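# Remarks on the overall topology
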Amino acid sequence: MNSDSKAHCFFLLRHCKLKLLDLATERDSSQRKNRNYKNIRRSKASRRIFLFKNITRKTKSGAVNVFTSGALVLTGSCHHLTQRTGAGEGRRRGSHRRLGTVPPAGPSLPTRPGRLGATERGPPARPRAAARGHGRRRTSACARRCPVAGCASLGSCRGPRGAGWKMSMDVTFLGTGAAYPSPTRGASALVLRCEGECWLFDCGEGTQTQLMKSQLKAGRITKIFITHLHGDHFFGLPGLLCTISLQSGSTVTKQPIEIYGPAGLRDFIWRTMELSHTELVFPYVVHELVPTADQCPTEELKDFVHVNRADSPPKDGQGRTILLDSEENSYLLVDDEQFVVKAFRLFHRIPSFGFSVMEKKRPGKLNAQKLKDLGVPPGPAYGKLKNGISVVLENGVTISPQDVLKKPIVGRKICILGDCSGVVGDGGVKLCFEADLLIHEATLDDAQMDKAKEHGHSTPQMAAAFAKLCQAKRLVLTHFSQRYKPVALAREGETDGIVELKKQAESVLDLQEVTLAEDFMVIGIPIKK
């Protein structure tokens, strides 16, 4: 086809503005089956796409077949012609340099293994339409909460915290096995994610590998909680810290990673880093919990006085040494604007702890009718009152938040227990009362209860009894012996399988549903209304 024919064709398409879908005579059935249309991404709203099969133009030399199964994209004054043929995709026709090809759209990428659990799902994906208006420039407050355009949070972006702002929360199980990691279950580890931050509870061997397989990012971890000093709960910690340091590059972060655990953990981490000549690019602080003598058999209680020798970690930045509050029968770890985290004592072969994460109450909804009666004008005043700030009206009247806010919304509560055969004192029952999510170990089934207690572990019946005493709303069992394979790998007809553990726990809870944790399972904790 000569240049005159091409120019005439482009002129016809641009000025007629017709969708040329079926201009040529239908081919036979075999050719129709092989007919392909090319999907073209539109980077500009003004771009117009014309799809067509055949365009023919009568010239002096006769009928000329100009294009076959292609697409013409008109953007401004630039005309790019792309085509796709059944016999040879991406083959150019003629000598026109603007006649290029567009690579065919490949298949969708497969989901990484364990991205979301089979039985539990995290928050649904945000639709594309909802992402409009989210540009690259964002305020820091919004960027920490928005899931669009690279933001880390799971919730909807509604600007800084205030009216209409919601904070999503979920738990991801990275390892649900006992004693050691296996191909079917990793060593103990789970992550509580909230507002873009990740809190890691226990860090067994191979936790960093499980993190890479999940949807989580190790660099988001800001706090680490270790229940007890058995290897399957904290041997993965030094390697994880080194990996986070390597992935951080040469940038030194000012915010340290805070680590909470039993006495002796600080010395372990420091000596590991010293012996391996490791220098982390970020600071870390280890807060140690001082156990009591009744948390383990007498012969197993270790005296950590030796850690105060001259070759111990430097005192600068060591962190706190947290003692038991005898009145509350618990340990206060974190108390900030959003959460209160406390630890309580458990009985195991060595001192073990459980953790209670309590979300603080949020302000209630504004009483619109009361605002109207008081003469508060809509606008910024509403936001101030919602955030707990008093407002002075033009007439000099001061309106306090208590005057126009409804009852505060109770926060969520998540309780995570380490290895144990029971709770020491009443601190655990008080902190876990009416927990939204109670995560309890169940290493062996009820038929092996004596063996479980001998080794300081629990069974489904023991875990369910504690959940019933606390009136927990949902019980999740974890830390299973490696003999119990995940549900997907269990054989039909097995009487001692993992499903039996679920039935044993539900029988105590009057058939209330019990969840069996599996690696990479994600459980969302809905916000209370």
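Structure first, text after, so check above.
Residues numbered from 1 in each chain as written. Predicted model: local features only at pLDDT ≥ 70, side-chain atom pairs only at ≥ 80, totals over all residues. Heavy atoms only, no water.

### Regarding unusual backbone geometry
Glycine aside, residues mostly have negative phi, and peptide bonds are mostly found in the trans state. Keep this limit in mind: Secondary structure elements follow DSSP: runs of H or I of four or more residues count as helices, runs of E of two or more count as strands, with numbering from the N terminus. Any residue under 20% of the maximum accessible area for its type is buried, any over 50% is exposed, and the rest in between are partly exposed; the area is computed with a 1.4 Å probe on protein chains only.
Positive phi outside glycine occurs at A179, with the angle close to 75°. Looking at the element boundaries, A179 is found in the loop between strand 5 (169–175) and strand 6 (189–194). Owing to a relative accessible area of 55%, A179 belongs among the exposed residues under this scheme. Located in the positive-phi region is D510, a residue other than glycine, with phi close to 55°. Note that D510 resides in the loop between helix 14 (498–508) and strand 21 (514–516).

### Examining the nonpolar core
The line we're drawing: Working definition of a nonpolar core: buried Ala, Val, Leu, Ile, Met, Phe, Trp, Tyr and Cys residues. They are joined through side-chain atoms within 4.5 Å. Working rule for contacts: check all heavy atoms of both residues, and any pair within 4.5 Å makes them a contact.
In this structure, F173, F201 and L333 are the most contacted members of the largest nonpolar core, which totals 31 residues. Those elements giving two or more residues to this core turn out to be strand 5, strand 6, strand 7 (197–201), strand 12 (331–335), strand 13 (339–347), strand 14 (352–359), strand 17 (413–417) and strand 19 (437–441). Among residues more than four places away in sequence, those in contact with F173 are A189, L190, I439, V476, T478, A517, E518, D519, F520, M521 and I523. Formed by 30 residues, the second largest nonpolar core is a distinct cluster that contains M358, C470, L475 and V514.

### Some remarks on empty space enclosed by the protein
The condition that has to hold: Space inside and on the surface of the protein is sampled on a 1 Å grid over the protein atoms alone, with a cavity defined as a set of points where a 1.4 Å probe fits but cannot get out and a pocket as an open set with protein on both sides within 12 Å along at least 5 of 7 lines; lining residues have an atom within 4 Å of a point. Grid points are joined across faces, edges and corners, and a volume is the space filled by probe spheres set on the points.
Counted by the stated rule, this structure contains one cavity of 30 Å³ or more. When residues of the lining of the largest cavity are traced back to their parent elements, those giving at least two are strand 5, strand 6, strand 17 and strand 19.

### Description of the pattern of salt bridges
Inclusion rule: Put simply, a salt bridge is a Lys or Arg side-chain nitrogen that is within 4 Å of an Asp or Glu carboxyl oxygen.
Evaluated as defined, the whole model comprises 14 salt bridges. A salt bridge links R362 to E359; its shortest N-O distance comes to 3.4 Å. A relative accessible area of 7% places R362 in the buried class. E500 is the partner of K503 in a salt bridge, and the nearest nitrogen-oxygen pair spans 3.8 Å. Taken together, the positions of K503 and E500, both in helix 14 and three residues apart, correspond to about one turn of that helix. Judged by relative accessible area, which is 48%, K503 ranks as partly exposed.

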